[in-house]
Structures are given as C-alpha cells and as structure tokens.
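Fold and contact review
So the chains spell out like this:
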2 protein chains.
Amino acid sequence: MESSVPSGCADAKSCERQLTECGIRPTPQRVRIASLLLSQPQHLSAEQILATLRAAGARVSKATVYNTLNLFADHGLIRLLCVDGTRAWFDSNVGPHYHFHCLSTGALIDVPVPEVAFSRLPAAPPGTEVAGIDLVIRLRKKM
Amino acid sequence: MESSVPSGCADAKSCERQLTECGIRPTPQRVRIASLLLSQPQHLSAEQILATLRAAGARVSKATVYNTLNLFADHGLIRLLCVDGTRAWFDSNVGPHYHFHCLSTGALIDVPVPEVAFSRLPAAPPGTEVAGIDLVIRLRKKM
DNA sequence: TTCCTTGCAAAACTTTTGCATTAAA
DNA sequence: TTTAATGCAAAAGTTTTGCAAGGAA
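Before going into details, it helps to say that this report is about the structure given with it. What you are looking at is a predicted structure, and each value in this text was computed from that prediction instead of being measured. (Residues numbered from 1 in each chain as written. Chains lettered and ligands numbered in written order. Predicted model: local features only at pLDDT ≥ 70, side-chain atom pairs only at ≥ 80, totals over all residues. Heavy atoms only, no water.)

**What to know about the interface of chain B and chain A**
Listed as interface residues are 36 residues of chain B and, on the opposing side, 36 residues of chain A. When chain B packs against chain A, the two sides together hide about 3200 Å² of surface, and 59% of this comes from carbon and sulfur. Along the contact surface separating chain B from chain A lie four salt bridges. We note a salt bridge from Arg140 of chain B to Glu129 of chain A, for which the minimum N-O separation is 3.2 Å. Of all the secondary-structure elements, those providing two or more residues to the side of chain B that touches chain A are β5 (108–112), β6 (117–120) and β7 (128–141) of chain B. Top element by residues in the side of chain B that touches chain A is β7 of chain B. It accounts for 14 residues. Grouping the constituent residues of the side of chain B that touches chain A by class yields 22 nonpolar, five polar and nine charged. (Contact = heavy atoms within 4.5 Å. Buried area = accessible area lost by both parts, 1.4 Å probe. Salt bridge = Lys/Arg side-chain N within 4 Å of Asp/Glu carboxyl O. Helix = DSSP H or I, 4+ residues; strand = E, 2+ residues; numbered from the N terminus. Nonpolar A, V, L, I, M, F, W, Y, C, P; charged D, E, K, R; others polar.)

Pasting the structure below:
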C-alpha cells in the first residue's frame, strides 16, 4: 500500500534520509525546505519558500533559506535557474530537461529531454569541456 | 575607400543615423553609449559601460546608462542576456545566435546559428507562440 | 512654452555576510 | 567540549525611481 503524504509536501522522513545520504545534516529547517521543494517537480524562489514556510508556522530566517538553497544546489539536490534577471529560481527537477518561459505571464514550464533533439552542436573551445546545456524557449501569449 | 573609425568605437554619425531611424532622439549620451556598444559584437554590463564612458571623459550618470540600455533593448537595437544571476549583460549582436558561457572564467562567447541545429523542438503550449530560443552551453576548464 | 532627457540621490530588491546564540555530535 | 547551524540585522550589489534642472523642438 502507498504511504500517504500531505499535499505539496514530501514525506519528512524520506527527506531526512535523502539529506543524510548527501552528507547534509538534516536539521529541522533543512528538512522543512526539502519537504516543500522536493515534493514534486517545481520552480520556487527563495522568497516564495520563506513565505510558504512562515505561513505554515515554521520558524525560519531568510539567511537560512538562502544558505540552505545554496547548499542543496551545491550537492545537486536542486538546480539553480537563471531565466529572468529578477531573481533566482530553484528547480526541484535535477534530471536533464529544458524550459519554456512565458514572457507574458512569467510562467516556467519543464520541457522533457525527448522533446528536443540537436542534430548539430559546436565543439567546446580548446581547453574547455561542456558542463551542461541550458535551453529556454521564450513564449508569448498568442492574440 | 573605407572610412576609418577609432578602435572600440563605431562612427558617431552612423550611430546617430541608426538611432534616428529607430525613432530614438540621438542625444549626446545615447550616441556615446551606442558608439561604444555597437562598434562590434560584444557583451557589456551597465557598470562596464559607465566606467568606460567616464574613463573617456564623458559626463554620464548611472541612471542614464540604465535608461538608455533599456530603451535600446526595447527597440531591438541590443539584446539583454540573463546568463548568470549576478547582473544583466547587453549584447550588441541582435541577430539570431547562441552562447558559450564558461563557468570557470565567466567568459561569454557567441555561437553562430549554423553551428547548432535542432532536429526536434516541442510545440508551443496552446494559446502561446515561440518568441525566441535562448541556448547557453556551459563550459568548464578542462584539467 | 512644452516636452523630453539628464543627473543626482534615494529607494527598492535580491542575496550575502558578521556575529552572537542555540542546538547538535 | 567542540563544531556546526540558525536568526537577526546590516551590508553589498544591481537596477529603478522621484524630482529638480537643463536642453531641444
């Protein structure tokens, strides 16, 4: 039988396990942030995470949210996206994929890898190697 | 015979003409910024532009640099890039192209269109249309 | 005169940092 | 006991804005 998990929240115990496996000490704040972010593939800003946690009654500081998000990103638990210049977005989907970005609404939508294929890519310049490919397909609302 | 232009600077007269054609009044500050940026394909930050102009003895304020860059971008004269989260980069190459971004050095290098080919791209979600495609190939120094 | 542009300073925002306090190993 | 994590406030950095002054049409 499937274990049930509160909506919008991954199981705290499994998050604890995941953090420990990454060598990250599972403090209460970190587990809460992980539970929120890793519950499903999504894109959240630091401010959104802070507001959501506080609305839920958690005691967390802004500094801890930023520290934790950077820590998670360094360990490959989440991915930091630079899509618009206004702020960072943290993506809980760390598998390879691309993005739609709607210029009209700001919406950010995942594009699965199989939906994109490159028939030609440039070689990395001498002395360098490719570390990753970020593809953002900008959208606008059709009139 | 070719007309000669100071290195790192497009001809002021031709910049004036270009601004006028776009419906932008060619004020001294705008012409200086255009001359600097449009002299060649390059990526500059607002702060770099401000520092360069002031070092050259120009009287320009930070607000004017930002206002002007946003104005140019709105008119399609330059392109605003979001490559890292730290600041905006203004690209004088407005033709279609992509970018290498070296994570080790921060360098930003143009990738011409013919070096990339997509054999498969997703359809835009209902009600939207594709406004553009941003491709950033992240590099790291090879050891 | 009227409208637009500029410069300056201040404000607005996001993110980082210093440091005392608290909690955990 | 020793190390690491947290909260708070302040700092740092980029970009925007308000407003008075200046310049062009």
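After presenting the structure, the write-up continues.
**Some remarks on the sheet that holds strand β2 (residues 79–81) of chain B**
All names here are of chain B. Strands sit in the order β1-β3-β2 across an open sheet of three strands; the sheet is antiparallel. This sheet does not close on itself; its edge strands, each paired only once, are β1 (43–44) and β2. Pairing of β1 with strand β3 (residues 89–91) involves two bridges; the strand directions are antiparallel. Across the sheet, His43 pairs through a bridge with Asp91, a residue of β3. (Pairing = 2+ DSSP bridges.)

**Overview of the packing of aromatic side chains**
Under the definition given, this model contains three aromatic pairs over all chains. Seen from their ring centres, Tyr98 of chain B and Phe118 of chain B are 6.3 Å apart, and the 80° between their planes marks the pair as edge-to-face. A residue pair is termed long-range when its members are at least 10 positions apart, and Tyr98 of chain B in strand β4 (residues 97–102) and Phe118 of chain B in strand β6 qualify at 20 residues. By relative accessible area, which is 23% here, Phe118 of chain B ends up partly exposed. Through a chain of ring-to-ring contacts, three or more aromatic side chains come together here, namely Tyr98 and Phe118 of chain A together with Tyr98 and Phe118 of chain B. (Phe/Tyr/Trp six-rings, centres within 6.5 Å; stacked < 30°, edge-to-face > 60°. Buried < 20%, exposed > 50% of the residue type's maximum accessible area, 1.4 Å probe, protein only.)

**Considerations on the relation of the copies chain B and chain A**
Placing chain B over chain A gives an RMSD of 0.1 Å and needs a rotation angle of 179°, together with 0.0 Å of translation along the axis. Given the turn and translation reported, the copies of this chain are related as if by a two-fold rotation axis. Both copies share a contact surface, since 100% of the interface residues of chain B are interface residues in chain A too. (Least-squares fit on C-alpha atoms with pLDDT ≥ 70 in both.)

**What to know about the sheet that holds strand β7 (residues 128–141) of chain A**
Judged by pairing direction, the sheet is mixed, and its six strands sit side by side in the order β5(A)-β4(A)-β7(A)-β7(B)-β4(B)-β5(B) without closing on themselves. One side of each edge strand has no neighbouring strand; the edge strands of this open sheet are β5 (108–112) of chain A together with β5 of chain B. Strand-to-strand twist across the sheet, computed as the mean angle between neighbouring axes with direction ignored, equals 30°. Of the pairings in the sheet, the one linking strand β4 (residues 97–102) of chain A to β5 of chain A comprises five bridges and is antiparallel in character. Bridging from a neighbouring strand, Tyr98 of chain A pairs with Val111 of chain A of β5 of chain A. (Axes fitted to C-alpha atoms, helices over the stretch in contact; angles between N-to-C directions.)

**Concerning the protein's contact with DNA strand C**
Neighbouring DNA strand C are 17 residues, the closest being Tyr66 and Ala88 of chain A together with Thr27, Arg59 and Thr64 of chain B. For DNA strand C, the fraction of atoms within 4 Å of the protein that belong to sugar or phosphate moieties is 85%. Contributing elements (two or more residues each) for the surface near DNA strand C: α4 (62–74) of chain A together with α2 (28–37) and α4 (62–74) of chain B. With five residues, the top contributor of residues to the surface near DNA strand C is α4 of chain A. Class assignment for the residues of the surface near DNA strand C results in five nonpolar, seven polar and five charged. (Near = heavy atom within 4 Å.)

**Digging into the pattern of salt bridges**
Enumeration according to the criterion identifies eight salt bridges over all chains in this entry. Of the charged contacts in the structure, one is a salt bridge between Lys13 of chain A and Glu16 of chain A, with a shortest N-O distance of 3.6 Å. A residue pair is termed a helical-turn pair when its members lie 3 or 4 positions apart in one helix, as Lys13 of chain A and Glu16 of chain A do in helix α1 (residues 12–21) at three residues. We classify Glu16 of chain A as partly exposed; its relative accessible area is 31%. Bridged by salt links that share partners, the residues Arg79 and Asp134 of chain A together with Arg138 of chain B form one connected network.

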